[in-house]
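Residue-level structure breakdown
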Amino acid sequence: MAESTTRVPPADLGADFLERALDQRELARRNEAIGRAAAILGRASPVAQSQPEDLGPLIEALETWLDNRGAPDLAAEREAHEQQLERLHERFLQRRGAFAQAEEAILRLREITVPATILEVAPQRLCEATRLDRALLSTVDDGAMVVRSAWFEDDPGAAAAALTALADRPIRLEHPLLEAEMIRRRRATAVADAHLNPRVDALLTEAMGWTSFLAAPVVVRGQVVAVLHADLRGDQPDVLDRESLWRFAVGLAQAYERATLRRLLRQEREQMRSFLDRLNVRLGELSNSAIELVPWNGRSAIEEQATNRRPPSGHSTLQGLLTTRELEVLTLMSRGLSNRQIADQLVISQATVKFHVNSLLKKLRAGNRAEAVSRFLKPGRADGD
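Presented here is an overview of the structure given in this document. (Residues numbered from 1 in each chain as written. Predicted model: local features only at pLDDT ≥ 70, side-chain atom pairs only at ≥ 80, totals over all residues. Heavy atoms only, no water.)

Some points on the nonpolar core
Convention followed: Within this scheme, the nonpolar core is defined by two criteria: the residues are buried Ala, Val, Leu, Ile, Met, Phe, Trp, Tyr or Cys, and they are joined through side-chain atoms within 4.5 Å. Burial status follows relative accessibility: with a 1.4 Å probe on protein chains alone, a residue under 20% of its type maximum counts as buried, one over 50% as exposed, and anything between as partly exposed. A run of DSSP states H or I qualifies as a helix once it reaches four residues; a run of E qualifies as a strand once it reaches two. Both are numbered from the N-terminal end. Only heavy atoms enter the contact rule, under which two residues are in contact if any of them lie within 4.5 Å.
Judged by nonpolar contacts, the single largest core of 30 residues is most densely connected at L109, I118, L137, L228, L245, F248 and L252. Tallying contributions element by element places helix 9 (residues 239–288) first for this core, with 8 residues. With residues up to four places along the chain from it excluded, the contact list for F248 reads A105, I106, L109, A122, R125, L126 and L228. L173, V200, M208 and V224 belong to the second-largest nonpolar core, a separate cluster that totals 24 residues.

Looking at the packing of helix 12 (residues 324–334) against helix 15 (residues 369–377)
We apply this condition: Between N-to-C directions, angles cover 0 to 180 degrees, with each direction set by a line fitted to C-alpha atoms, over the stretch in contact for helices. Comment on the angle field: the value is read as roughly parallel under 35 degrees, roughly antiparallel over 145, roughly perpendicular from 65 to 115, and oblique elsewhere.
At a closest axis distance of 10 Å, the pairing of helix 12 and helix 15 adopts a crossing angle of 100°. Taken together, the axis directions place helix 12 and helix 15 in an arrangement best described as roughly perpendicular. Here helix 12 contributes L330, T331, M333 and S334 to the contact with helix 15, which in turn contributes R369, A372, V373, F376 and L377.

Re the pairing of strand 2 (residues 144–152)
Side-chain direction in a regular strand flips from residue to residue, so the side chains alternate between the two faces of the sheet. To be explicit about the condition: Each pair of strands is called paired provided DSSP finds at least two bridges between the two strands.
Here strand 2 lies mainly inside the structure; 7 of its 9 residues are buried. Pairing geometry for strand 1 (residues 134–141) and strand 2, over 8 bridges, is antiparallel. Bridge pairing in strand 2 links L137 to S149. In this antiparallel pair of consecutive strands, strand 1 and strand 2, the connection spans 2 residues, and D142 shows a positive phi of 55°. Across 2 bridges, strand 2 lies against strand 3 (residues 171–172) in antiparallel orientation. Paired with A144 across the bridge in strand 3 is R172.

Thoughts on unusual backbone geometry
Between H175 and the following residue, P176, the backbone shows a cis peptide bond with an omega angle of 10°. Here P176 lies in the loop between strand 3 and helix 7 (178–185). With phi around 60°, R186 is a residue other than glycine that occupies positive phi space. When you line up the elements, R186 lands in the loop between helix 7 and strand 4 (189–191). Look at R186 and you get partly exposed, because its relative accessible area is 30%.

What about the packing of aromatic side chains?
Rules: Stacked, tilted and edge-to-face are the three classes applied to pairs of Phe, Tyr and Trp rings, where Trp contributes its six-membered ring and a pair requires centres within 6.5 Å; stacked means planes under 30 degrees apart, edge-to-face means over 60, and tilted covers the rest. Any Lys NZ or Arg CZ found within 6 Å of a ring centre and within 35 degrees of that ring's normal is scored as a charge over the ring.
With the rule as written, the count across this model stands at 1 aromatic pair. Ring centres of W210 and F213 lie 4.3 Å apart, and the angle between their planes is 20°; on these two criteria the pair is classed as stacked. One Lys or Arg, R134, reaches over the ring of F152 and ends 5.1 Å from the middle of that ring.

What to know about the environment of L377
For L377, the location among the structural elements is in helix 15. The class for L377 is partly exposed, based on a relative accessible area of 46%. For the pair L377 and T331, spaced 46 residues apart in sequence, the C-alpha to C-alpha distance is 9.4 Å.

Points about the sheet that holds strand 4
With respect to topology, 6 strands assemble into an open sheet ordered 3-2-1-6-5-4, the strand pairing being antiparallel. Looking along the sheet, the strands with just one partner apiece sit at the ends: strand 3 and strand 4. As judged from the 6 bridges shared by strand 1 and strand 6 (residues 223–231), these two strands associate in the antiparallel manner. Paired with R134 across the bridge in strand 6 is D231. Against the sheet, helix 6 (residues 156–167) touches strand 1 and strand 2, its axis set at about 170° to strand 2.

Quick notes on helix 14 (residues 350–364)
An α-helix turns once per 3.6 residues; consequently, residues spaced three or four apart project the same way. As a reminder of what qualifies: The span one expects for a helix is its residue count, reduced by one, times 1.5 Å.
For helix 14, spanning 15 residues, the distance from its first C-alpha to its last is 21 Å, which sits close to the expected 21 Å at 1.5 Å a residue. Those residues of helix 14 lying buried are V353, H356, V357, S359, L360, L361 and L364. R365 lies just past helix 14 and shows a positive phi near 55°.

What about the pattern of salt bridges?
Cut-off, in case you're wondering: Within this document, salt bridges are pairs made up of a side-chain nitrogen of Lys or Arg and a carboxyl oxygen of Asp or Glu, the two lying within 4 Å of each other.
Inspection of the entire model under this criterion finds 18 salt bridges. When the shortest N-O distance is used, the salt bridge between D241 and R131 registers 2.6 Å. Taken together, the positions of D241 in helix 9 and R131 in the loop between helix 5 (115–129) and strand 1 put the pair 110 residues apart, joining distant regions of the chain. A relative accessible area of 4% means that D241 is categorised as buried. Of the charged contacts in the structure, one is a salt bridge between D133 and R233, with a shortest N-O distance of 3.8 Å. On the criterion of sequence distance, the pair formed by D133 in the loop between helix 5 and strand 1 and R233 in the loop between strand 6 and helix 9 is long-range, its members being 100 residues apart. Given a relative accessible area of 37%, R233 falls into the partly exposed group. A network of salt bridges, in which partner residues are shared, links R131, D235, D238 and D241.

Comments concerning the environment of E257
Take E257: it is sitting in helix 9. Ignoring anything within four residues of it in the chain, the contact list for E257 reads V220 and R221.

Regarding helix 5
To keep things clear, this is the line we draw: The reported bend at a residue is simply the angle between two axes, fitted to the 7 residues ending at it and to the 7 residues beginning with it.
Between the first and last C-alpha of helix 5 there are 20 Å, a value that for 15 residues agrees with the 21 Å anticipated at 1.5 Å per step. Where helix 5 bends most, the angle comes to about 45°, and this point is V121, followed within four residues by the proline P123. Of the residues making up helix 5, those classed as buried are P115, I118, L119, V121, A122, P123, R125, L126, C127 and A129.

From the geometry alone we can't say anything about function, so treat these as descriptive.
Quick look at the structure:
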């Protein structure tokens, strides 16, 4: 059954989007300016961080205060500030749009239910959602990166060549490799002058031919399962590209974990269904088996069954030491039956038989099955003393 996915429109990215989008230094500068303006006007400094829409009334109040004091014309400074605010607003819109595209790509990945397919198409989805036009995904296994998938925008032949050159050559995540530190820090990393950096893998640089690139870990439940590499041909990735890559890597980890858990759930469901089918067949065989009519000997079927399962003469002390089921298991052990044969005989699982065997070995203080059977068949030694 197809999985339904609720798409989140770009406008609904969260009330705290601005705080996450703007640089911390810019936020600090804005709050400092608002605090100084509030002090000049004799107002209380805002406790919570204000929003951009609060700046307009504050600027007007400052202009009125300056006009009343006969201050010189500040039109030029005001224009400079307005231009700065406009640049800040444009940067905000760029980030919002970039993050919205990354969210859209993640939603498309969440529609895939096969974990391996998610990793295979992740480089393509990354390039489609960001300015980055080349991407590699490497899985992390036993302390090494192995390139699994690649996507080069408008150049599939080069992507296949790079994948061939790198797929059979694991990269050990050891000091001083730059990716090893990135995995430890669990953050996206920008690398400039990669061809001159001794901490960058030489074969990776040769196959990609990049001078600068970005890298980000894909972390699932505290474990790095993959690493994303990406670059921008003909240009150097900027801070927004790095943040978009990190946002995509976080969403990729969530989509991969979700698909993995769904697969495990399906496997458990299939195993349970198979078990119930086998149990149903077994019950059907028992209920439909032929009834054998024998002459009545004056005893009930229950008494006859108890007689057949009763331990050999002289071992009545075992009945006070072992349970009925343990006596049954020990009796069948004495006949040389294996755990599987005992399980079939008593219509129980092998795990249950193993549990009863371990229990009776402890009670009889026997080191193995042979010793337990020996004490079972030897009168007067049932307690293992």
